[in-house]
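# Notes for the structure review
Each chain is listed here by its residues.
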Amino acid sequence: MCRVKGVGSFEKAKELLETEHFDMAILDIMGVDGYRLLKIANSRAVIAVMFTAHALTPENVFKSYEEGAASYIPKDEMANIAAFLTDVLEAKNKGKDPWWRWLERFGSFFTERFGPDWRDNYKEFWTKNHPD
């Protein structure tokens, strides 16, 4: 159903994003300077999902959101990546914010990792994306 290209360097990822068409890009925050690639993906109207193990912090969740990523997926949850990417595509097809289901999917994961107060500094984000 899809064609996947994997690269291991910022330079190669940048080249591909700038010269080929992609519906979606999964960007590693630390490994290939994902935030710089996110800017390129956004400029080319490519849906970008941030993926990380080493940059697993609440700050990076919100930075990803603010800089235009469609989602932020911890590598610990790689086994479920198809469901998370489907959420993003479903949101796009329905005209919803791509983060519409993120807090439902990952809220408890982050609470377990960072404690019950992890989102206190980001109440506006939480309220907008999880009104309950």
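Up top you'll find the structure we're talking about.
Residues numbered from 1 in each chain as written. Predicted model: local features only at pLDDT ≥ 70, side-chain atom pairs only at ≥ 80, totals over all residues. Heavy atoms only, no water.

### What about the side chain of N60?
Going by this rule: Only DSSP runs of H or I covering at least 4 residues are called helices, and only runs of E covering at least 2 are called strands; the numbering of each starts at the N terminus. Type-normalised accessible area, obtained with a 1.4 Å probe on protein chains alone, sets the label of each residue: buried when under 20%, exposed when over 50%, and partly exposed for intermediate values. Throughout, a contact is declared for two residues whenever any of their heavy atoms are within 4.5 Å.
Along the chain, N60 turns up in helix α3 (residues 58-66). According to the relative accessible area criterion, N60 is buried, its value standing at 14%. Apart from residues lying up to four places away in sequence, N60 is in contact with I29, Y35, A55 and Y72.

### Considering the packing of aromatic side chains
In plain terms, the rule: In this scheme Phe, Tyr and Trp rings, the latter by its six-membered ring, pair at centre separations within 6.5 Å, and the angle between planes marks the pair as stacked below 30 degrees, edge-to-face above 60, and tilted otherwise. Here, over-ring charges are defined by two tests on the NZ atom of lysine or the CZ atom of arginine: distance to the ring centre within 6 Å, and angle to the ring normal within 35 degrees.
The full count for this structure, using the stated rule, is 11 aromatic pairs. Centroid distance F110 to F114: 5.5 Å. Interplanar angle 35°. Geometry classified as tilted. Placement of the pair is F110 and F114 together in helix α5 (residues 102-114), with a separation of 4 residues, close to one helical turn. When its relative accessible area of 0% is taken as the criterion, F110 is described as buried. In this structure an aromatic cluster arises from ring pairing among F62, Y65, Y72, F84, W99, W102, F106, F109, F110, F114 and W118. If you follow K63 out to its NZ or CZ, it ends over the ring of Y35, 4.3 Å from the centre.

### Re the pattern of salt bridges
Quick note on the threshold: Basic side-chain nitrogens of Lys or Arg form a salt bridge, by our definition, when they fall within 4 Å of a carboxyl oxygen of Asp or Glu.
Taken as a whole, this structure holds 10 salt bridges when the rule is applied. The shortest N-O distance in the salt bridge between E15 and K12 comes to 3.7 Å. In this pair, E15 and K12 both sit in helix α1 (residues 10-19), 3 residues apart, roughly one turn of the helix. Overall, E15 belongs to the partly exposed group, its relative accessible area being 42%. The partner of D87 in a salt bridge is R105, with the nearest N and O atoms 2.6 Å apart. Residue D87 is located in helix α4 (residues 81-94), and its partner R105 is located in helix α5; the two are separated by 18 residues in the primary sequence. What makes R105 partly exposed here is its relative accessible area of 33%. A single network of salt bridges, built from pairs that share partners, joins D87, E90, K94, R101 and R105.

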